[in-house]
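Listed below, chain by chain, are the residues.
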Amino acid sequence: MNSNHYSKLGTLLLVLAVAVAAVSPAAAVASVDADGVPQEAEVGEEVSVTYTLSDLYAGNTPSEWGLQGETNLTNASWTVTAYGVDGDQVADSQNYGGESFEYAVSSSEDMDEIEVTVTGTAPEVGEWSYDPEERFTVTEFTEVRSGGGTTTIDSYDAHHYTANSKEARNAIEDAESAIETAESNGADVSSAQDALDNAVGFYENGDFDRAVQNAEDAASEAESSESSAQTRSMLLYGGAGLVALLVLGGIGYLLYQRQGDDYDKLG
């Protein structure tokens, strides 16, 4: 191997080393235990969730940093309390109002765990969407460092709805199930699928009454198509059975005739 080849290899290894060094390791952040995060909430419904953050100085997290919390809950209020290793409260609880807060975390004050409770009401839906369903941020926690860097710690969201949107969604889901069942039984569900598509369109326009009506039409159409398919199958099987009986009857008759001929010959 000549020196020029060694030189190229060395350059390649140097480039690879620089590239690897440029990739920062994943930042270690606090752990979060959540209690009471809803899967869904009706618009205007009160939501209250308590989070416990531990491992506050994990990995390369500095001994002093800012805990930032954000939410889409309306009329939100926050209560933040710090506890030491022994479980005793080490600082006065802090109360905040609004969509966000920032709290100073410091090891010099013996903070070992942070408890955050957020309370508010599920917000209005800005844009209706059947799939994916409408969701809002219940809480998002971020680590804010003095140098200006930030790292997301964890985020929690939930589906929000109104009584009318939930009725429409349930009707659409029922229609989807009816269409799936009918199709699996060999029915032509094209007409039902068209009605279902219309239902989803009305849903996403916020016209829930028409969404319900079209979804119910889709389900009825699917069930009717399934019934027709089953009737056709029964007629088909019945016709096949009748043909089989006629064939067997014909064979039996021929055998009977042959036996009669044989008997006459013996006589």
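Going by the structure above, here's the rest.
Residues numbered from 1 in each chain as written. Predicted model: local features only at pLDDT ≥ 70, side-chain atom pairs only at ≥ 80, totals over all residues. Heavy atoms only, no water.

## Here's the deal with the overall build of the chain
In terms of helices and strands, the chain carries four helices and 10 strands. Its helices and strands in sequence order give the chain the pattern α-β-β-β-β-β-β-β-β-β-β-α-α-α, from N to C terminus. Considering the chain as a whole, with its 267 residues, one finds that 32% of them fall into the buried category. The contacts in the chain between residues at least 6 apart in sequence include a share of 68% that link residues at least 24 apart. When the accessible surface of the chain is split by element, carbon and sulfur atoms take 49% of a total near 16100 Å². (Helix = DSSP H or I, 4+ residues; strand = E, 2+ residues; numbered from the N terminus. Buried < 20%, exposed > 50% of the residue type's maximum accessible area, 1.4 Å probe, protein only. Contact = heavy atoms within 4.5 Å. Areas by Shrake-Rupley, 256 points an atom, 1.4 Å probe, with all protein chains shown as cover.)

## Some details on helix H3 (residues 190-204)
Between the first and last C-alpha of H3 there are 21 Å, a value that for 15 residues agrees with the 21 Å anticipated at 1.5 Å per step. Immediately downstream of H3, the backbone of glycine 206 shows phi near 80°, a positive value. (Expected span 1.5 Å × (residues − 1).)

## Some remarks on the sheet that holds strand E5 (residues 74-83)
The strand order across the open sheet built from five strands is E1-E3-E8-E5-E6, with neighbouring strands paired in antiparallel fashion. Lying at the two open borders of the sheet, with one neighbouring strand each, are strand E1 (31-35) and strand E6 (94-97). The mean angle between the axes of side-by-side strands here comes to 20°, regardless of whether they run parallel or antiparallel. (Pairing = 2+ DSSP bridges. Axes fitted to C-alpha atoms, helices over the stretch in contact; angles between N-to-C directions.)

## Observations concerning the packing of aromatic side chains
Under the definition given, this model contains eight aromatic pairs. Ring centres 6.2 Å apart and planes at 80° place the aromatic pair tryptophan 128 and tyrosine 203 in the edge-to-face group. Residue tryptophan 128 is found in the loop between strand E8 (113-121) and strand E9 (135-144), and its partner tyrosine 203 is found in helix H3; the two are separated by 75 residues along the sequence. One exposure class covers both tryptophan 128 and tyrosine 203, and it is buried. Ring centres of tyrosine 203 and phenylalanine 208 lie 5.3 Å apart, and the angle between their planes is 65°; this geometry places the pair in the edge-to-face category. With relative accessibility at 0%, the residue tyrosine 203 sits in the buried group. Taken together, Trp128, Tyr130, Tyr203 and Phe208 form an aromatic cluster joined through their ring pairs. Stacked on the ring of tyrosine 161, the Lys or Arg lysine 166 has its end atom at 4.7 Å from the ring centre. (Phe/Tyr/Trp six-rings, centres within 6.5 Å; stacked < 30°, edge-to-face > 60°. Lys NZ or Arg CZ within 6 Å of the ring centre and 35° of its normal.)

## Some words on the side chain of glutamate 143
Mapped onto the secondary structure, glutamate 143 falls in strand E9. Reaching out from glutamate 143, the side chain makes a polar contact with the side chain of arginine 145 at a distance of 2.8 Å. (Polar contact = N/O pair within 3.5 Å; in protein donor to acceptor, adjacent residues only side chain to side chain.)

## Digging into the environment of glycine 126
Note that glycine 126 resides in the loop between E8 and E9. Taking the C-alpha atoms as reference points, glycine 126 and phenylalanine 136, 10 residues apart in sequence, are found 9.7 Å from one another.

## What about the sheet that holds strand E7 (residues 100-106)?
In sheet architecture, strand pairing relies on hydrogen bonds along the backbone and comes in two forms, parallel and antiparallel. Pairing in this open sheet of five strands is mixed, and the strands run E2-E10-E9-E4-E7 from one edge to the other. Bordering the open sheet on either side are strand E2 (40-42) and E7, each of which pairs with just one other strand. If you compare each strand with its neighbour and ignore which way they point, the axes differ by 25° on average.

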